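A structural walkthrough
One-letter residues, chain by chain:
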Amino acid sequence: MSYPGYPPQSGAYPPQAGGYPPQQGAYPPQAGGYPPAAGGYPPQAGGYPPQAGGYPPAAGGYPSAAGGYPPQAGGYPGQAGGFPPQAGGFPPQAGGYQPQPAAGGYQPQPAAGGYQPQPGAGGYQPQPGAGGYPSMPPAGGAQQGYPGGPAPGQPMPNYPGAPATNPTMPVYGSNAPSAQAPAISKGYRGSIKDFPGADPLRDVEVLRKAMKGFGTDESAIIELLGSRTNKQRVPLVAGYKTTYGKDLFHDLKSELTGNFEKLVLATLMTPVHFDASELREAIKGAGTDEACLIEILSSRSNAEIREINQVYKSEYGKTLEDAIINDTSGHFRRLLVSLSQGNRDERETVDVSIAKQDAQKLYAAGENKVGTDESQFNAILCARSKPHLRAVFHEYQQMCGRDIEKSIGREMSGHVEDGMVAVVKCIKNTAAYFAERLHKAMQGAGTNDTTLMRIMVSRSEVDMLDIRQEYKRIYGKSLYTAISGDTSGDYKKLLLKLCGGSD
């Protein structure tokens, strides 16, 4: 694909205003033009910063203009269209960037101080502090030296993608193996699928008949709600009121009782309203269900958490953050507040060298010091992307011979220990985390029906098939069998419909 103005016209590389302002002294041009010849960029052995004769190259070229580079006011990116280069340009050298297939050119690696794709004309700018890695400088902050680099006085990291000073160090774009949870299953992994040809008007008529007259036809309600997805169930509330002038929730409450009533009502709520109501129940009252707070906030996406915040404020008249602050304390409060921001990095790329650095930071903050720096754990566990954290956990285990969960258990206690361990487990293997939560809910004399219902409803269209697989692998029996043995009646029948089958 050809970009306007690229390769550059005669006279210097005319930039557009608002791009990548060059820093004084950075990137003197090299002879030879662009793309560079062998020996150009990325540099050969020697890494970055260069040794004598390395990179940056001698002045003289790209393209030669009065005063060399930096160019006139404005800086990089270039003309409209800018970067990435046209097809065939900038052939990567060994150890360099691997071009990604996604539109927009290079996919940035999640390295501290790395590049963040600019929402505008394809240029790069330093990532803002909010939502990024904690070690990144805030947007607009004064920097010296290479843009996006370390703060003054800090050691300069390897130039991203350039040959490392240690040639065995994996770099971005390499095929180096990184630790992953069990392979992410492709395709739809929910147990409930759209019912073909579902008609809301016909469905509300079925519900009305099931509740009309003497007695209630629970089987009709179970069959209907257990075979519709959430987006097919939720419109029934408005459809019922439109058709009969009555409130569906009110009629169901008057006809049903106990856990079956609660489960039926839960299936008729949108996921975000259900999550908000569960968080509300976990916080209000004498005690706090800390495990519920961690479960929801550590397993939902940024967009879901932000939507939960909006619904919580509109439904309950106060922000979720205020509710958390009023009901919790200490480092556990800080963990929940961090998770409730919905600001985790969600990039899929993993830089193993940065994962090693984070693993070293966690080791230095816990096992390798007297006392524990919980803030460092909080910063990494709540801000880094989930794929990156899986690599961090693997590197940590390789480095000190102990799982990160066990280290947290040795270094912390109480709610903050439980919270940190739950976050780690949920990120390591989400399906196994929920399988464990379900097992604990049904273990022993009583059943934690609130947890059982919440997981069965909220995961039935997300990863219930994966949860069933993990449950069978870990506990040696199917989730279907476990639910059958621990519940009864209509409540059990609807739970089994959500489970979707035995394994």
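What counts as what
- Residues numbered from 1 in each chain as written.
- Predicted model: local features only at pLDDT ≥ 70, side-chain atom pairs only at ≥ 80, totals over all residues.
- Heavy atoms only, no water.
- Salt bridge = Lys/Arg side-chain N within 4 Å of Asp/Glu carboxyl O.
- pLDDT = per-residue confidence, 0-100.
- Contact = heavy atoms within 4.5 Å.
- Phe/Tyr/Trp six-rings, centres within 6.5 Å; stacked < 30°, edge-to-face > 60°.
- Helix = DSSP H or I, 4+ residues; strand = E, 2+ residues; numbered from the N terminus.
- Buried < 20%, exposed > 50% of the residue type's maximum accessible area, 1.4 Å probe, protein only.
- Core = buried A, V, L, I, M, F, W, Y, C linked by side-chain atoms within 4.5 Å.
- Axes fitted to C-alpha atoms, helices over the stretch in contact; angles between N-to-C directions.
- Left-handed = near helix turned anticlockwise from the far one by under 90°.
- Nonpolar A, V, L, I, M, F, W, Y, C, P; charged D, E, K, R; others polar.
- Parallel < 35°, antiparallel > 145°, perpendicular 65-115°, else oblique.

**Some remarks on the pattern of salt bridges**
Per the counting criterion, the structure on display carries 27 salt bridges. One network of salt bridges, in which partners are shared, links E278, E295, R437 and R454.

**Quick notes on the confidence of the model for the protein**
Summing up the model confidence of the protein, the mean pLDDT is 77 and the portion of residues at 70 or higher is 63%. Confidence drops under a pLDDT of 50 for residues 1-150, and excluding neighbours within four residues, the segment shows 234 contacts in the predicted structure. Between residues 152-183, whose pLDDT stays under 50, and residues either more than four places distant or in other chains, the model counts 56 contacts.

**Side note on the packing of aromatic side chains**
Taken as a whole and judged by the stated rule, the model has 5 aromatic pairs. Residues Y240 and Y244 carry aromatic rings whose centres are separated by 5.4 Å and whose planes lie at 55° to one another, so their mutual orientation is tilted. With a gap of 4 residues between them, Y240 and Y244 both fall in helix α4 (residues 235-244), about one helical turn apart. When its relative accessible area of 29% is taken as the criterion, Y244 is described as partly exposed.

**Some thoughts on the nonpolar core**
Core analysis: the largest hydrophobic core is formed by 92 residues, its most contacted members being I221, L248, L252, I294, L438, M456 and L479. Among the elements that make up this core, the one with the highest residue count is helix α16 (residues 414-428) (8 residues). Residue contacts for M456: discarding those within four places in its chain leaves L438, M464, L479, I483, L495, L498 and C499.

**Re the packing of helix α7 (residues 271-283) against helix α9 (residues 302-316)**
Running from N to C, α7 and α9 cross one another at 65°; their axes reach a closest spacing of 9 Å. The chirality of how α7 crosses α9 is right-handed. The residues of α9 that touch α7, namely those facing V272, H273, D275, A276, S277, L279, R280 and I283, are E304, E307, I308, V311, Y312, E315 and Y316. Here the contact of α7 with α9 is composed, by residue class, of 8 nonpolar, 2 polar and 5 charged.

**A word on helix α21 (residues 489-499)**
The α-helix advances 3.6 residues per turn, and as a result positions three or four apart in sequence lie on the same side. Among the residues of α21, those classed as buried are Y491, L494, L495, L496, L498 and C499. Of the surrounding secondary structure, the elements contacted by the buried residues of α21 are α2 (218-225), α6 (258-267), α18 (449-459), α19 (464-475) and α20 (479-486). In the segment just after α21, G500 is the residue with positive phi, at about 95°.

**Considering the packing of helix α1 (residues 200-211) against α2**
Between α1 and α2, whose axes approach to 8 Å, the crossing angle comes to 155°. On the basis of the axis angle, α1 is roughly antiparallel to α2. Taken as a pair, α1 and α2 cross one another with a handedness that is left-handed. Contacts between α1 and α2 involve D203, V206, L207, A210 and M211 from the former and A220, I221 and L224 from the latter. Split by residue class, the contact of α1 with α2 holds 7 nonpolar, no polar and 1 charged.

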